[in-house]
Amino acid sequence: HQALGDAYVALGKTDQAIAEFKQVILWAPGLGHGYVSLGKMYWQQGNQDQAIAQYQQSIKLDPGNGDAYVQLGVAYEALGRVDDAKAVYQQAIQNMTGEDIGYQQLARLYQQIGDVASAQSTYQQSANALPAPNAVLSQLGLARLAMRYGSVQPGNFAMEATIDPSSPASSAAA
C-alpha cells in the first residue's frame, strides 16, 4: 500500500494516495512511516491540524523516524510556531543519538531567524557529539556561517574544500 500511495502522489492523485496511506496504517499501525505519508497529504490539502497529528503519532510510535521530526518541525515553522519547531528538533537530537537531522534542522532554523550564535553553537555541538561521518554536515554548516557572517576560521574551510574543491572555501584553504 505504501508504494501504491507513493505512486498516487507522483501522479497527483491525492485522494487515492490518502486512501492507500490509511491502509498502510491499518495494516501496520505500529510503524510511523504511514503516518508521515498521510500527514504530508493532509498538509497538501491545507489540513494542518490533521497533518500535525499524524506527524506526532509517527514520532510517538517510532522515535527514530527522522522524517517525522523534519515534517513536524517544518509544519510548525510554516505556522509561525518557532518555539514548537525548536522543541521538536531538540527532541530529535535526544531521541536520535548518533544522527544529525535534529542538529541540522535546529541550526538551520536558528540561522533563518537570525540567531547566528545559536546556529554556530548547534553546529559545533553536532560536530562534537557525532561520529566523524555524521559530523561532516555540521562542519560544512560552520564553514557556511563563517563565510556568510565573517567570523572565518581556517579549520572550518579545510573540511569544505576537501568535499567541494570548486567552492569558495577551497581558495581560502589554499
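Residues numbered from 1 in each chain as written. Predicted model: local features only at pLDDT ≥ 70, side-chain atom pairs only at ≥ 80, totals over all residues. Heavy atoms only, no water.

Peer 1: What am I meant to see in the overall build of the chain here?
Peer 2: Looking only at helices and strands, one finds 11 helices and zero strands in the chain. Shown N-terminal to C-terminal, the secondary structure of the chain runs as helices and strands in the order α-α-α-α-α-α-α-α-α-α-α. Split into buried and exposed, the 174 residues of the chain put 41% on the buried side. Restricting the contact set of the chain to residue pairs at least 6 apart, pairs at least 24 apart contribute 36%. Total accessible area on the chain stands at roughly 8900 Å², and carbon and sulfur atoms take up 53% of it. (Helix = DSSP H or I, 4+ residues; strand = E, 2+ residues; numbered from the N terminus. Buried < 20%, exposed > 50% of the residue type's maximum accessible area, 1.4 Å probe, protein only. Contact = heavy atoms within 4.5 Å. Areas by Shrake-Rupley, 256 points an atom, 1.4 Å probe, with all protein chains shown as cover.)

Peer 1: What should I look at first to understand the packing of helix α1 (residues 2-10) against helix α2 (residues 14-27) in this one?
Peer 2: Angle between the axes and distance between the axes: these two values describe a pair of packed helices. Across the interface, α1 lies against α2 with an axial gap of 8 Å and an inter-helix angle of 160°. Put simply, α1 runs roughly antiparallel to α2. Along this stretch, α1 crosses α2, giving a crossing that reads as left-handed. Here Gln2, Leu4, Gly5, Asp6, Tyr8 and Val9 of α1 lie close against α2, whose contacting residues are Gln16, Ala17, Glu20, Phe21 and Val24. Taken together, the residues of the contact of α1 with α2 sort by class into six nonpolar, three polar and two charged. (Axes fitted to C-alpha atoms, helices over the stretch in contact; angles between N-to-C directions. Parallel < 35°, antiparallel > 145°, perpendicular 65-115°, else oblique. Left-handed = near helix turned anticlockwise from the far one by under 90°. Nonpolar A, V, L, I, M, F, W, Y, C, P; charged D, E, K, R; others polar.)

Peer 1: How should I be thinking about the confidence of the model for the chain in this particular structure?
Peer 2: Regions with low pLDDT should not have their predicted coordinates read in detail. Residues of the chain with pLDDT of at least 70 account for 83%, and the chain-wide mean is 83. Considering each helix and strand of the chain separately, the mean pLDDT is smallest for helix α11 (residues 168-173), with a value of 34, and largest for helix α4 (residues 48-61), with 97. (pLDDT = per-residue confidence, 0-100.)

Peer 1: Whenever I open this one, the nonpolar core confuses me. Can you help?
Peer 2: A general tendency of soluble globular proteins is for nonpolar side chains to be buried together. Judged by nonpolar contacts, the single largest core of 34 residues is most densely connected at Leu38, Tyr55, Tyr69, Leu72, Tyr76, Val88 and Tyr89. Of all the secondary structure elements, the ones that give two or more residues to this core are α2, α3 (33-44), α4, α5 (66-78), α6 (82-95), α7 (101-112), α8 (116-129) and α9 (132-149). Excluding residues within four positions of it along the chain, tyrosine 76 makes contact with Ile52, Gln56, Arg81, Val82, Asp84, Ala85 and Val88. (Core = buried A, V, L, I, M, F, W, Y, C linked by side-chain atoms within 4.5 Å.)

Peer 1: So what exactly am I meant to see when it comes to the side chain of glutamate 20 here?
Peer 2: Of note, glutamate 20 is situated in helix α2. Sequence-distant contacts of glutamate 20, that is, excluding residues within four places in its chain, are made with His1, Leu4, Gly5 and Tyr8.

Peer 1: Sorry if this is basic, but what is going on with the pattern of salt bridges here?
Peer 2: A side chain with one charge may pair with a side chain of the opposite charge, provided their charged atoms come close. Applying the stated criterion across every chain, the model contains four salt bridges. A salt bridge links lysine 40 to aspartate 67, with the shortest nitrogen-to-oxygen separation between them at 3.2 Å. Of the two residues, lysine 40 is situated in helix α3 and aspartate 67 in helix α5; the sequence distance between them amounts to 27 residues. Accessibility expressed as a relative area gives 26% for aspartate 67, which makes it partly exposed. (Salt bridge = Lys/Arg side-chain N within 4 Å of Asp/Glu carboxyl O.)

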